[in-house]
Structure formats: structure tokens, C-alpha cells
Amino acid sequence: MSEFDLIAHYFVRPAHPKNRATLGIGDDCALLLQQDGMQTAISSDMLVEDRHFFAGADAYKLGHKSLAVNLSDLAAMGAEPVAFTLALSLPSADEPWLANFSAGLFALADQHNCELIGGDTTKGPLNICITIFGQAPIGTALRRDTAQIGDDIWVSGTLGEARLALGAMRKEYELDIATLSAAAVRLYTPQPRVTLGLALRGIAHSALDISDGLVGDLGHILKKSGVGATLNVDALPAGAALQNQPKELRRRFTLAGGDDYELCFTAPVSKREAVLGAALAADTNVTRIGVIDEAPGTRLLDRDGQPVDLKIASFDHFA
Ligand SMILES: Nc1ncnc2c1ncn2[C@@H]1O[C@H](COP(=O)(O)OP(=O)(O)O)[C@@H](O)[C@H]1O
Ligand SMILES: Cc1ncc(C[n+]2csc(CCOP(=O)(O)OP(=O)(O)O)c2C)c(N)n1
Ligand SMILES: [Mg+2]
């Protein structure tokens, strides 16, 4: 199959009334009309074999995750998904693989009304890079540099299960089948918190999505906002499969597991009811885990206010 047959067969779809691009796949560029009063939110994330996923990973789930991690960045900005491009490097034109990959990709794209408008396809090591475009009314996007002293720190959903599954896959420990399959759902098919991100506009002061681990990612908000944080380690929402694991592992994986794709956000105390209302409307749990304060850095305390001494390191590609 030729490069262009591959694109036409697996990535070009019939026109759909909900499509927003003026010109989609097939020309040198796609054309997107900017809506009045809106700002465009743009983000790229790449998935690389043996780094972000194991060789032989399920193609449908890989299609899902490639888009999910990008939608998660839009969620973190409170931006509504509009469209995305897909740059693919493939070892071969493996048709069953392509059929499954595009099915997983488009199933999630359709859930979020996010249209594939272009990309690039080459032969090479398996590598998937998506650039996503979203929109938010001017001035309403949730940023990393706007946390304020006194804000509550919140996190959506639960943390740590993706890391729990990864450890079992790497044979760091053994898990029973039921625990591993529950945790693996979080590693392979994260659900981006797009609805929650949109609901938090006008409520949260700052937000980001957790990909490298809570403490490391929260650190980006702290640094950019020129503030610090105190976290209650016992308040962190551990995923169900983590509940029966030893306390130290539970703490390490909730604090610095990675691959969580939950939102961490800050909001003033006066907005607690509004945050809970937004969470209810988005059908997503949120948990208050700490406060923004003045002293730089992150202090970890237990439920009794005693310092927790844990060596933790968030994910870093070059550390
Ligand atoms: N090669 C690059 N060139 C320019 N900007 C980059 C590059 N890699 C990452 N960035 C930018 O650096 C910031 C941090 O990146 P990253 O940690 O990947 O963010 P995220 O966790 O949201 O994906 C982002 O604003 C991203 O756009
Ligand atoms: C085979 C494999 N090894 C390791 C991991 C863990 N892992 C890889 S990248 C990463 C962090 C997120 O990826 P990154 O490229 O830093 O995403 P970004 O922060 O840019 O959104 C994690 C936790 C994994 N998911 N799969
Ligand atoms: Mg990135």
C-alpha cells in the first residue's frame, strides 16, 4: 500500500456536519477559522516506543492514549477541543495495526468532537506525535502562573494506578491479575478531564495536568507563580488498586507516579462550593489536598501535621 493510500484509507473520513475546519486533510495546510472572541490553545505531545509504551502495545489503546494525553493538555487550560494533526512514523504499513490504531484514535476524537485535519506519515521507528488545537474565550484559559497564596490545591480523580501497573509490567513486583488489570486501564486508556477543565474556567486560579507525577508537575505551578505549597499526603486520592498496597508505595505512586492525566488546580477558599459544583456537573471527583503558601518548594505533611520524609522523583526524560 502506498503512503497516500494509507492516509486515504485509515485517516481521511467523510465530511461531517460537526467539522469546523474550512479545509482538512489533503492540501499543504489545513485551514481553521478563528472564532470571534476566542483564543486558540495549542499543544503537542509525542509517544515513543519503549519510552512511552512497550513494543507490541495494543494499537487501539495506543490510538486512544496518543490523543488522550493531548486532550489532557487542553483540559488543563480549560480549552474546548477543536482539531488535531497527527505525525506518524511507522516501521511498516501494517494494515490490522493501522485499522485498530485509527479506530482507537477516532473513538476518542468523536467523543470530544475533535477533528483530524492533517499530519505527516513516514517510515521509521514507531513514533506518534499529535498537535492539538482548542479554544477558550479570550482571557479565560487556566494557566500555570496565576496561583495565589491562600489558594486550596485540588486534584481530580485518583492517582498512582498507572505507575502501579507500569511497575508490574517491569517486574518490579507481582500483582494479582485483578489488581493488574484494574491498574492497567489507567496506564493504557487515560480519560482526559476535558469537561472538568471547562467547568473550572472562572473558578480555578491555575491548573495543569499531571503527566510526570503530582509533586513535580505542581512544582511547575509553584515556580511560575512564585509561591510554595503544603500538601497533606494522607489526603491524596489513591486509585482503588493501590488501596491494598504498602503505605510507602502508595505514597510514592500518588506523589510521583506519572501517567495520571488528572488535573491539579488551585482555587480560592471562597470558591470551594463552586469547585464542588463544577466537579458534580462534570461527573468527576475532586479532592482538596493542600494549600498554596509563601515559602518556595513543597512541604509534605501527614494527617497529624508531621513532616513526611520521602525521597521522591517525578518522571524526567533526561534525569
Ligand atoms: N522542543 C520544544 N520546543 C519548544 N518548546 C517546547 C519543546 N518541548 C517542550 N516545549 C514546551 O515546554 C513546556 C513544557 O513542556 P512539557 O513538560 O512537555 O509540558 P506538558 O507536560 O504540558 O506536555 C511547554 O510549554 C512546551 O510547549
Ligand atoms: C514503556 C514505558 N516506560 C515508562 C513509562 C512511564 N512514562 C513514560 S513518559 C512519562 C511521563 C509523561 O511523558 P512526557 O513525554 O513527559 O509527557 P508530557 O509531560 O510532555 O505531557 C511516564 C510516566 C511508560 N508509560 N511506558
Ligand atoms: Mg509535553
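Values in this document were obtained by computation on a predicted structure and should not be read as measured data.

Take the UniProt feature "binding site: substrate" (unreviewed entry) in the protein chain next. Per the UniProt annotation, the sites labelled "binding site: substrate" (unreviewed entry) are His-52, Asp-259 and Phe-315. These annotated residues cover 264 residues of sequence, and their C-alpha atoms all fall within 11.3 Å of one another, placing them together at a single site. In contact with Asp-259, not counting residues within four places along its chain, are Lys-65, Ala-162, Arg-186, Leu-187, Ile-210 and Ser-211. At 3.2 Å, the side chain of Asp-259 forms a polar contact with the side chain of Lys-65. Among the secondary structure elements, Phe-315 is positioned in the segment after β12 (297–301). Classification of Phe-315 as partly exposed rests on a relative accessible area of 36%. Excluding anything up to four places from it in sequence, Phe-315 contacts Arg-51 and Asp-212.

This part takes up the sheet that holds strand β6 (residues 127–137). Ordered in space as β3-β6-β4-β5, the four strands form an open sheet in which the pairing is mixed. Unpaired on one side and paired on the other, β3 (38–48) and β5 (115–123) mark the two borders of the sheet. Neighbour-to-neighbour, the strand axes of the sheet open up by a mean angle of 15°, direction not taken into account. Examined bridge by bridge, strand β4 (residues 80–90) and β5 share eight bridges and lie parallel to one another. Residue pairing across strands places Leu-88 opposite Thr-121, the latter belonging to β5.

For the protein chain, the domain assignment lists domain 1 (3–137) and domain 2 (152–301). Contact residues are listed per partner, giving 19 residues for domain 1 and 20 residues for domain 2. Interface of domain 1 and domain 2: buried area, both sides summed, is about 1,600 Å²; carbon and sulfur atoms make up 67% of it. The interface formed by domain 1 and domain 2 holds one salt bridge in total. Lys-65 is paired through a salt bridge with Asp-259; the nearest N and O atoms lie 3.2 Å apart. Summed over the shared surface of domain 1 and domain 2, the number is five residue pairs in polar contact (both at pLDDT 80 or more). Sort the elements by how many residues they give to the side of domain 1 that touches domain 2 and helix α2 (residues 59–77) lands first, with ten residues. For the side of domain 1 that touches domain 2, a count of residues per class yields ten nonpolar, five polar and four charged.

Attention shifts here to the pattern of salt bridges. Counted according to the given criterion, the structure contains 14 salt bridges. With a closest N to O distance of 3.4 Å, Glu-248 and Arg-252 form a salt bridge. You can see Glu-248 and its partner Arg-252 sitting in helix α8 (residues 247–256), four residues apart, about one turn around the helix. Overall, Glu-248 belongs to the partly exposed group, its relative accessible area being 49%. Salt bridges linked by common partners bring Glu-161, Arg-186, Arg-193 and Glu-262 together as one network.

Calculation criteria
- Residues numbered from 1 in each chain as written.
- Chains lettered and ligands numbered in written order.
- Predicted model: local features only at pLDDT ≥ 70, side-chain atom pairs only at ≥ 80, totals over all residues.
- Heavy atoms only, no water.
- UniProt positions renumbered as here; feature names shortened; annotations may be inferred.
- Contact = heavy atoms within 4.5 Å.
- Polar contact = N/O pair within 3.5 Å; in protein donor to acceptor, adjacent residues only side chain to side chain.
- Helix = DSSP H or I, 4+ residues; strand = E, 2+ residues; numbered from the N terminus.
- Buried < 20%, exposed > 50% of the residue type's maximum accessible area, 1.4 Å probe, protein only.
- Pairing = 2+ DSSP bridges.
- Axes fitted to C-alpha atoms, helices over the stretch in contact; angles between N-to-C directions.
- Domains from an automatic or database assignment.
- Buried area = accessible area lost by both parts, 1.4 Å probe.
- Salt bridge = Lys/Arg side-chain N within 4 Å of Asp/Glu carboxyl O.
- Nonpolar A, V, L, I, M, F, W, Y, C, P; charged D, E, K, R; others polar.

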